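# Structure assessment
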Amino acid sequence: GRRLILIMGDQLSRDISSLRDARKTKDIILMAELYDEITSVKHHKKKIVFVLSAMRHFAKELKGAGYNVDYRKFDTKTGLKSFSDIIEDAVRQHEPDEIVLTAPSERRVLDEIEGWRDTLSLPIDVRTDDRFIASSDEFQAWVSNRKTLRMEYFYREMRKKTGLLMDGDEPEGGQWNYDKENRKAADRDLFMPKRFSVTPDAITKEVIELTEKYFSDHFGDVEPFQFAVTRKDALKALDYFIETALVSFGDFQDAMLTGERFLYHSVLSPYINVGLLSPMEVSKRAEKAYYDGSAPLNAVEGFIRQIIGWREYIRGVYWLADEGYTKQNFFNNSRKLPWFYWSGETDMRCIQEVVEQTREEAYAHHIQRLMVTGTFAMLAGVDPFEVHEWYLIVYADAFEWVEAPNVIGMSQYADGGALGSKPYAASGAYINRMSNYCKLCEYAVSKKTEKNACPFNSLYWDFLARNEKKLKGNPRLGQMYKTWEKMGANTKRAYRARAKAILKKLDSGARV
Ligand code: FAD
Ligand code: SF4
């Protein structure tokens, strides 16, 4: 019989399970640019261009290889807005005997598809997404054997499973993790790699026009657009990273430097997330660089850990949870997200830098997301759901399965510690140690409670004091609570008064 094979915007891999046995003569591959998906939140313009252009290129490649592709371009006139609309229309048109797809990455979409079993009287074959290294069942099995979840132990299983950086049963070099060597601040240096950049072709230009026409009110600059949108160019981006940046990835993984938006990061997450690159091939390339002697172990191990450790662990956590995941709010925070998360209009240099680069690039690296915009929102008591929506909107690599656990769990601690062992709370000293932002800031990082004191400093202690009941039992915060207790009553009062003044300003919309 004839199959209708549905491919989604983050399933752009030639060897994806839904395409594995596709027949060029008989089957129809359906791809659609859907209004409901593009506007489920008001995605960054660059993210829209990236996903739609990558979809169009992928469809072109499939057609070139001889497949029947029914590609529906974004069209406001048809009234077909959702996956359900489009599948009903395509079923009517092509009269397939079966619908085949690889499981979607997001729960909302999976629920929609499950509904088709009732509405369409057709068999629906939802296949496992085996681009991931651990299946959901494997993750479940791993979880069921332990009381608390910690990435590090899961990661070791993934090392053993993949054989990456393994010397028989032992980790290469004798240790599983070389993070101790990876906490260096960076200095500007003339030989820093420049960002890998692709010039938009005619297809991308058309999508840029479409985005400017229909989604001009979305956040973000659409140009210059530099992302790869084909597998061929994504492979070049991978080569470029391995050759120019991997060598220093470990040392400067946590560093931030004004004007240096990418440092030694790979900027590969958008490509891995939509399927242009596979996590295994990326990890293998990095491993090879170690065995070739072109990159040190601390860099290669650290990089591979992000991909086969963190990325897989995060996905496991997403599918373990239920649909209430993004509504968790351990601290009962209710503050609105400050407007400067969109405008960048703040005197806090760190936040200004991160928001501006986010607007221009749809990219920020991990420590910027975690320790600048993430930490500030948590310290200031912003509603975690609003924080979640911001992150889902503003980054080109943001898909709910990976964004939500990183934001709700890791960065906002809104899950009460299910994902990480302590909240990522820090005062300005952390940012000062890892960046040169503070040197350029209107605020003084060394001041604590004065009018020009860095807001992170008082908000940090206020956060700990405010949430003492919930956090005091956490062994990893014991030292901080001891320090707080030892402070004199006047110092404590001054910290809290300064924090109160900042929060009041935030609420009134005054410049902070
Ligand atoms: P590199 O630093 O070069 O790392 C290599 C790769 O490791 C990345 O490409 C990515 O595939 C993987 N990786 C690293 N850390 C993580 C992680 N914590 N979770 C999953 N994969 C990881 N990543 C997303 O892909 N989408 C998101 O929406 C997203 N939202 C985030 C929100 C917050 C608050 C935080 C703290 C992190 C978030 N991350 C997200 C994880 C991480 O910040 C990005 O994957 C990374 O910054 C992408 O840039 P890069 O490719 O240069 O990464
Ligand atoms: Fe950010 Fe404070 Fe440093 Fe300014 S002084 S850049 S607000 S950490």
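Note that this is a predicted model, so its numbers are computed, not measured.

## Description of the packing of aromatic side chains
- Per the stated rule, a full pass over the model turns up 40 aromatic pairs.
- Centroid distance Phe-227 to Tyr-271: 6.5 Å. Interplanar angle 80°. Geometry classified as edge-to-face. Here Phe-227, found in the loop between α7 (202-214) and α8 (231-244), pairs with Tyr-271, found in helix α10 (residues 269-274); they are 44 residues apart in sequence, far enough to count as distant.
- Look at Phe-227 and you get buried, because its relative accessible area is 2%.
- Look at Tyr-271 and you get buried, because its relative accessible area is 3%.
- For the pair Phe-330 and Tyr-413, a centre-to-centre distance of 5.8 Å together with 75° between the ring planes defines the contact as edge-to-face.

## Examining the domain arrangement of the chain
- The domain architecture assigned to the chain consists of domain 1 (3-127), domain 2 (136-193 + 245-320) and domain 3 (327-508).
- Placing a centre on the C-alpha atoms of domain 2 and another on those of domain 3 gives a separation of 25 Å.
- With 28 residues of domain 2 at the interface, the matching set in domain 3 holds 31 residues.
- Roughly 2,600 Å² is buried in total at the junction of domain 2 and domain 3, and carbon and sulfur atoms are behind 63% of that figure.
- By the criterion of area lost to domain 3, the three top residues of domain 2 are Met-256, Arg-261 and Ile-314, representing 31% of everything that side buries.
- Our count for the domain 2 to domain 3 interface comes out at two salt bridges.
- At the boundary of domain 2 with domain 3, the tally comes to 13 residue pairs in polar contact (both at pLDDT 80 or more).
- Those elements giving two or more residues to the side of domain 2 that touches domain 3 turn out to be α10 and α12 (297-320).

## Structural notes on the site of ligand 2
- Within the structure, ligand 2 sits among Met-348, Arg-349, Cys-350, Gly-428, Ile-431, Tyr-437, Cys-438, Cys-441, Tyr-443, Val-445 and Cys-454.
- Of all the elements in the fold, those that place two or more residues in the shell around ligand 2 are α14 (349-361) and α18 (428-434).
- Broken down by class, the residue content of the shell around ligand 2 amounts to nine nonpolar, one polar and one charged.

## Looking at the site of ligand 1
- Ligand 1 sits among 29 residues. The nearest are His-265, Ser-266, Val-267, Asn-273 and Tyr-363.
- One of the backbone N or O atoms of Val-267 is found 2.7 Å from an oxygen atom in ligand 1.
- The protein chains hide 99% of the 820 Å² of surface that ligand 1 would expose on its own.
- If you list the elements that add at least two residues to the shell around ligand 1, you get α10, α12, α15 (366-379) and α17 (400-411).
- The residues that make up the shell around ligand 1 include at least three from each of domain 2 (136-193 + 245-320) and domain 3 (327-508).

## Quick word on the side chain of Ser-13
- Within the secondary structure, Ser-13 sits in the loop between β1 (3-6) and β2 (28-32).
- When near neighbours in sequence (up to four residues on either side) are disregarded, Ser-13 contacts Leu-19, Phe-58, Arg-131 and Gly-275.

## Observations regarding the pairing of strand β4 (residues 98-102)
- Here β4 lies mainly inside the structure; four of its five residues are buried.
- Bridge count for β1 against β4 is four bridges, and the pairing is parallel. Along β4, the bridge assignment pairs Leu-4 with Ile-99.
- Crossover handedness for the path β4 to helix α4 (residues 107-119) to strand β5 (residues 124-127): right-handed.

## Here we look at the pattern of salt bridges
- Under the criterion given, the structure shown has 43 salt bridges.
- Between Arg-108 and Glu-37 there is a salt bridge whose closest N-O contact spans 2.9 Å. Residue Arg-108 is located in helix α4, and its partner Glu-37 is located in helix α1 (residues 35-38); the two are separated by 71 residues in the primary sequence.
- Between Glu-485 and Lys-472 there is a salt bridge, with the nearest N and O atoms lying 3.0 Å from each other. With Glu-485 in helix α21 (residues 478-486) and Lys-472 in the loop between α20 (468-471) and α21, this pair connects stretches of sequence that are 13 residues apart.

## Some points on the packing of α14 against α15
- The geometry of α14 relative to α15 is characterised by a closest axis approach of 10 Å and an angle of 115° between their N-to-C directions. Of the two elements, α14 crosses α15, and the hand of that crossing is left-handed. For the pair α14 and α15, contact is made by Cys-350, Ile-351, Val-354, Val-355 and Gln-357 and by Gln-368, Val-372, Thr-373 and Phe-376, respectively.
- Residue classes in the contact of α14 with α15 are distributed as six nonpolar, three polar and no charged.

## Observations concerning the sheet that holds β5
- Taken together, the five strands give an open sheet; going across it, the order is β3-β2-β1-β4-β5, and neighbouring strands pair in parallel fashion. Each having just a single partner strand, β3 (68-72) and β5 make up the two edges of the open sheet. Across the sheet, the mean angle from the axis of one strand to that of its neighbour is 20°, orientation sign disregarded.
- Here β1 runs beside β2; their pairing, made up of three bridges, is parallel. By the bridge assignment for β2, Ile-5 is matched with Ile-29.
- The strands touched by helix α2 (residues 45-64) within the sheet are β2 and β3, with β3 carrying the most contacts at an inclination of about 155°.

Analysis parameters
- Residues numbered from 1 in each chain as written.
- Chains lettered and ligands numbered in written order.
- Predicted model: local features only at pLDDT ≥ 70, side-chain atom pairs only at ≥ 80, totals over all residues.
- Heavy atoms only, no water.
- Phe/Tyr/Trp six-rings, centres within 6.5 Å; stacked < 30°, edge-to-face > 60°.
- Helix = DSSP H or I, 4+ residues; strand = E, 2+ residues; numbered from the N terminus.
- Buried < 20%, exposed > 50% of the residue type's maximum accessible area, 1.4 Å probe, protein only.
- Domains from an automatic or database assignment.
- Contact = heavy atoms within 4.5 Å.
- Buried area = accessible area lost by both parts, 1.4 Å probe.
- Salt bridge = Lys/Arg side-chain N within 4 Å of Asp/Glu carboxyl O.
- Polar contact = N/O pair within 3.5 Å; in protein donor to acceptor, adjacent residues only side chain to side chain.
- Near = heavy atom within 4 Å.
- Nonpolar A, V, L, I, M, F, W, Y, C, P; charged D, E, K, R; others polar.
- Areas by Shrake-Rupley, 256 points an atom, 1.4 Å probe, with all protein chains shown as cover.
- Pairing = 2+ DSSP bridges.
- Right-handed = clockwise from strand over helix to strand, strands pointing away.
- Axes fitted to C-alpha atoms, helices over the stretch in contact; angles between N-to-C directions.
- Left-handed = near helix turned anticlockwise from the far one by under 90°.

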